[in-house]
Amino acid sequence: MNDIMLINSSKRLLIMFDSLKKKIASWIGNSTKKIEESQSEQKDKSLSKKVEAKPKADVKKSSKAKEISKPERPKVSAVKIEKVVEPQVIEEETEPSVEKKSGFFSRIKSVFTSREITQDFFFESFNDLELILLESNVALSVVDTIKEKMASQLVGREFKRDEIPLKIKQALRDTIDSLFVDSPFNIISHIKSSNSCVKILFCGINGSGKTTTLAKFAHILKNNGISCVFAAGDTFRAASIEQLAIHGERLGVHVVKQTYGSDPAAVAYDAIQYAQAKKIKVVLIDTAGRMHTKQNLMDEMGKIVRVSKPDFKIFVGESITGNDATEQARIFNDTIGIDGIILTKADIDEKGGTAISVSKVTGRPILYLGMGQGYDDLVPFDKEKVFEALGL
Ligand SMILES: Nc1nc2c(ncn2[C@@H]2O[C@H](COP(=O)(O)OP(=O)(O)OP(=O)(O)O)[C@@H](O)[C@H]2O)c(=O)[nH]1
Ligand SMILES: [Mg+2]
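Computed from a predicted structure; not experimentally measured. (Residues numbered from 1 in each chain as written. Chains lettered and ligands numbered in written order. Predicted model: local features only at pLDDT ≥ 70, side-chain atom pairs only at ≥ 80, totals over all residues. Heavy atoms only, no water.)

*Asks:* Could you give an account of the overall build of the protein chain, naming the residues involved and the relevant values?
*Replies:* Assigned secondary structure in the protein chain consists of 15 helices and ten strands. Put simply, of all contacts in the protein chain between residues at least 6 apart along the chain, 78% involve residues at least 24 apart. For the protein chain, the accessible surface area stands at approximately 19800 Å², while carbon and sulfur atoms represent 53% of it. (Helix = DSSP H or I, 4+ residues; strand = E, 2+ residues; numbered from the N terminus. Contact = heavy atoms within 4.5 Å. Areas by Shrake-Rupley, 256 points an atom, 1.4 Å probe, with all protein chains shown as cover.)

If you want it as structure tokens, here you go:
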């Protein structure tokens, strides 16, 4: 992938999260304003109480000051008064009193410079963020996790006024960070260091982008000098074998196929045999789109897995379908145990919530984002770029 393509994919990522970014920024702004408003009144009251309590000392001080400075007072009586007053002056100016004073002044200072994020305030304010996240396709269970984690970072904490937006932003960033599962493997490095043939299976529902993604991945392999073969494991959908054959032709990749209606597990097996015989490094197994709710199709998937024993089972889901994609990934993972996720059509997703939710729900890493229909449009997932695009 050249620099221009990387810039394009970064731009697409900015577009993907642009709406959420703006909504989050506005929520942080509003929340900060609300903290100011909700607490200034309360703090003003407590401040005025403290100020009311102070006059005692002030009265003493001012009466002392008046007495001492009275010019008409005779010297003797002035000495007398000073003698009487002096212990009071010393009493007022002794250390504990100084401490009280500085405590008092720092309290006044804190009234003007600090704000506490109370539980009530947090939960009230989070309602708005909850709505924003749900509207942006973040899964409900993930929204709950975000709420818990942010609350644990913010509630009951007192922050300097000008730090508040930053602290809220930081809490949100840390929280979203904890939702992403870092990949325990780099698939390309794994392939390069493997002594045997690496088998990768692509699965998902109908039309999610499996075949296109498999072809894009072959292109990445080619760019890394790694040989591969395609297994035409979608023996169900009309023209699926021809579609894969066209990709094979364009990319210079051999396609192992059988006829429509044949056993996809047998096709995968044949392709593995072919790769081993020809010393081809990777077998990319295409599969028919199947609804995660159709038990017989999921059972068939189980059979393909048992026969081909893939090193990586990759779930391919459409980023734009939000909670549906997240739910499909969860069920595919429960059924066959996926190793990673590729979210396609991220280039036309303007919500971004699937990318935020799917790792947390499945416990599996997002490996790549599909960012278009070209062979170069498969981009390694980079959470730092997501934070950047979210303005966090
Ligand atoms: N915009 C965009 N379109 C994509 C992307 N990935 C795939 N597509 C398009 O999505 C459509 C379906 O892609 P396929 O690769 O045929 O999907 P599939 O999952 O193999 O479909 P079935 O085999 O029928 O289940 C095609 O028109 C692709 O060009 C992507 O990242 N972005
Ligand atoms: Mg297909």
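*Asks:* So what's going on with unusual backbone geometry? Which residues, and what values?
*Replies:* The backbone phi angle of Lys279 is positive, close to 55°, even though this residue is not glycine. Checked against the element boundaries, Lys279 lands in the loop between helix 11 (264-278) and strand 6 (282-287). In the Ramachandran plot, Lys309 falls in the positive-phi region, its phi being about 45° despite a non-glycine side chain.

*Asks:* Give me the packing of helix 13 (residues 323-336) against helix 14 (residues 353-362): which residues, what numbers.
*Replies:* Contact geometry of helix 13 with helix 14 gives a least axis separation of 9 Å together with a crossing angle of 25°. Classified by the angle between their axes, helix 13 and helix 14 sit roughly parallel to one another. Handedness of the crossing formed by helix 13 with helix 14: right-handed. Listed contacts from helix 14 to Ala325, Thr326, Ala329, Arg330 and Asn333 of helix 13 are Thr354, Ser357, Val358, Val361 and Thr362. Each residue belonging to the contact of helix 13 with helix 14 can be placed in one class, and the counts come to four nonpolar, five polar and one charged. (Axes fitted to C-alpha atoms, helices over the stretch in contact; angles between N-to-C directions. Parallel < 35°, antiparallel > 145°, perpendicular 65-115°, else oblique. Left-handed = near helix turned anticlockwise from the far one by under 90°. Nonpolar A, V, L, I, M, F, W, Y, C, P; charged D, E, K, R; others polar.)

*Asks:* Describe the sheet that holds strand 9 (residues 366-370), naming the residues involved and giving the relevant values.
*Replies:* In spatial order, the strands read 5-4-6-3-7-8-9-10; together these eight strands make up an open sheet with mixed pairing. The open sheet has two edge strands, strand 5 (254-256) and strand 10 (378-380), and neither has a second partner. The sheet shows a mean angle of 25° between the axes of neighbouring strands, direction not considered. Pairing of strand 4 (residues 228-233) with strand 5 involves three bridges; the strand directions are parallel. Counted as the bridge partner of Phe230 is Val255 from strand 5. Taken strand by strand, helix 10 (residues 240-251) contacts strand 4, strand 5 and strand 6, and its axis lies near 170° from that of strand 4. Together, strand 8 (340-344) and strand 9 form the strand contacts of helix 14, whose direction differs from that of strand 8 by roughly 160°. (Pairing = 2+ DSSP bridges.)

*Asks:* Before we move on, can you summarise the site of ligand 1 with the specific residues and values?
*Replies:* Neighbouring ligand 1 are 19 residues, the closest being Gly209, Lys210, Thr212, Arg237 and Gln373. For ligand 1, whose unbound accessible area comes to 650 Å², protein coverage reaches 83%. With four residues, the top contributor of residues to the shell around ligand 1 is helix 9 (residues 210-223). When its residues are assigned to classes, the shell around ligand 1 shows one nonpolar, twelve polar and six charged. (Near = heavy atom within 4 Å.)

*Asks:* Requested: an account of the pattern of salt bridges, with residues and values cited.
*Replies:* Evaluated as defined, the whole model comprises 13 salt bridges. For Glu318, the salt bridge identified is with Lys345, shortest N-O distance 2.9 Å. Of this pair, Glu318 sits in strand 7 (residues 312-318) while Lys345 sits in the loop between strand 8 and helix 14, placing them 27 residues apart in sequence. On the basis of relative accessibility, which here comes to 25%, the residue Lys345 falls in the partly exposed class. Its salt-bridge partner being Asp382, residue Lys385 comes within 4.0 Å of it at the nearest N-O pair. Of the residues examined, Asp382 reaches a relative accessible area of 30% and is grouped as partly exposed. (Salt bridge = Lys/Arg side-chain N within 4 Å of Asp/Glu carboxyl O. Buried < 20%, exposed > 50% of the residue type's maximum accessible area, 1.4 Å probe, protein only.)

*Asks:* An account of the packing of aromatic side chains is requested, with residue identities and associated values reported.
*Replies:* A full pass over the atoms with the stated rule returns eight aromatic pairs. An angle of 80° between the planes, with centres 5.4 Å apart, marks the rings of Phe122 and Phe123 as edge-to-face. A relative accessible area of 30% places Phe123 in the partly exposed class. The structure contains a cluster of three or more aromatic residues connected by ring pairs, namely Phe122, Phe123 and Phe126. (Phe/Tyr/Trp six-rings, centres within 6.5 Å; stacked < 30°, edge-to-face > 60°.)

*Asks:* Give me the nonpolar core: which residues, what numbers.
*Replies:* In terms of nonpolar packing, the biggest core is built from 72 residues, with Phe17, Ile146, Met150, Val283 and Leu390 touching the most fellow members. Every residue in contact with Phe17, bar those within four places of it in the chain, is listed here: Gly352, Ala355, Ile356, Val386, Ala389 and Leu390. Counting 31 residues, the second largest nonpolar core, distinct from the first, contains Ala232, Leu244, Val253 and Leu367. (Core = buried A, V, L, I, M, F, W, Y, C linked by side-chain atoms within 4.5 Å.)

*Asks:* Can you explain the side chain of Asp349? Please cite residues and give values.
*Replies:* Note that Asp349 resides in the loop between strand 8 and helix 14. Lys351 provides the closest opposite charge to the buried, unpaired Asp349, separated from it by 7.4 Å. At a separation of 2.9 Å, a polar atom in the side chain of Asp349 contacts the main-chain amide nitrogen of Lys351. The contacts of Asp349, once residues within four sequence positions are left out, are Met16, Ser319 and Ile320. (Lys, Arg positive; Asp, Glu negative; His and termini not counted. Polar contact = N/O pair within 3.5 Å; in protein donor to acceptor, adjacent residues only side chain to side chain.)

Such coordinate-based values are descriptive only and should not be taken to indicate function.
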